Amino acid sequence: MLSPEYPAAVAAGNVETSQAVTGAIYAALNTMAEGSGTMNNVTFGNERYQYYETVASGSGAGEGFDGTDVVQTKMTNSRLTDPEVLEWRYPVRLESYAIRHGSGGQGRWHGGNGATRRLRFLEEMTVTTLSSHREVPARGLKGGAPGALGRHWVEHQDGTVTPMSGCDTATLVPGDVFVIETPGGGGYETS
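First things first, this report covers the structure right here in the doc. (Residues numbered from 1 in each chain as written. Predicted model: local features only at pLDDT ≥ 70, side-chain atom pairs only at ≥ 80, totals over all residues. Heavy atoms only, no water.)

Notes on the pairing of strand β5 (residues 125-130)
Stated precisely, the cut-off is as follows: Relative accessibility decides the category of a residue: with a 1.4 Å probe and only protein chains considered, values under 20% of the type maximum give buried, values over 50% give exposed, and everything between is partly exposed. Per the convention used, a helix needs a DSSP run of H or I reaching at least four residues, while a strand needs a run of E reaching at least two, with both numbered from the N terminus. Any two strands are treated as partners once DSSP identifies two or more bridges connecting them.
Here β5 shows a clear split, with Met 125, Val 127 and Thr 129 buried on one side and none of Thr 126, Thr 128 and Leu 130 buried on the other. When strand β1 (residues 41-45) meets β5, the two strands line up antiparallel, connected through five bridges. Bridging from a neighbouring strand, Phe 44 pairs with Val 127 of β5. With six bridges joining them, β5 and strand β8 (residues 167-172) adopt antiparallel strand pairing. Looking across to β8, one finds that Leu 130 is bridged to Cys 167.

The structure is reproduced here in structure tokens:
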């Protein structure tokens, strides 16, 4: 079905391209609004530690049902490490992980909300992200509104903030906080 030619990007087919293809198929079939369209891949590490997580978003709505809040959709079987285990094994503190209320697209049936996740680093680490729907929102369907865009950034101890793009890398020092807001799913109105 896909046949990319140079210089088309071919990385992240399993975690990002598959999401975009599924959203396009839903739109072409006119069956349901697009979900968040990304797995919000986050890795962090240094010479001693390495960690990889995917942070859930909102799913799309359809006729007769709302989208689901903070869920991985379409093709993943991943789930996050329990906070106690994360903090025991890695020099980080999970400050919060909550539903990002209002991020799902409006409509008769609402898109699912994304999440807000805050990780404080206790050692210097490199954080790398691979995520989508930072510039183009998840589409609503049949008059439903799109979901909110995702975004992420670093909050430094001196009060400054470093915004990050969807696919980006940053070095965090002890006390810095990585914050990610995942996208919402599209809403669905009526035919």
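Here's the deal with the nonpolar core
The line we're drawing: What we call a nonpolar core is a set of buried Ala, Val, Leu, Ile, Met, Phe, Trp, Tyr and Cys residues that are connected through their side-chain atoms within 4.5 Å. Residue contacts are defined here by distance: any two heavy atoms, one from each residue, within 4.5 Å place the two residues in contact.
Phe 44, Phe 121 and Phe 178 are the most contacted members of the largest nonpolar core, which totals 19 residues. Counting only elements with at least two residues in this core, the list comes to β1, β3 (92-100), β4 (114-121), β5, β8 and β9 (177-181). Residues contacting Phe 178, with those up to four places away along its chain left out, are Val 42, Arg 117, Arg 118, Leu 119, Phe 121, Val 127, Thr 129, His 152, Trp 153, Met 164 and Leu 172. Core analysis: the next-biggest nonpolar cluster, separate from the first, contains five residues, Ala 33, Ala 61, Trp 109 and Tyr 188 among them.

A word on the side chain of Thr 129
The cut-off we apply is this: The definition of a polar contact used here is a pair of N or O atoms within 3.5 Å, where within protein one atom must be able to donate a hydrogen and the other to accept one, and adjacent residues in sequence count solely through side-chain atom pairs.
Along the chain, Thr 129 falls in strand β5. Engagement of the side chain of Thr 129 in a polar contact is seen with the side chain of His 152, the distance being 3.0 Å. If sequence neighbours within four positions are ignored, Thr 129 has contacts with Asn 41, Val 42, His 152, Met 164, Ser 165, Gly 166, Cys 167, Asp 168 and Phe 178.

Treat this as a map of the structure, not an account of what it does.
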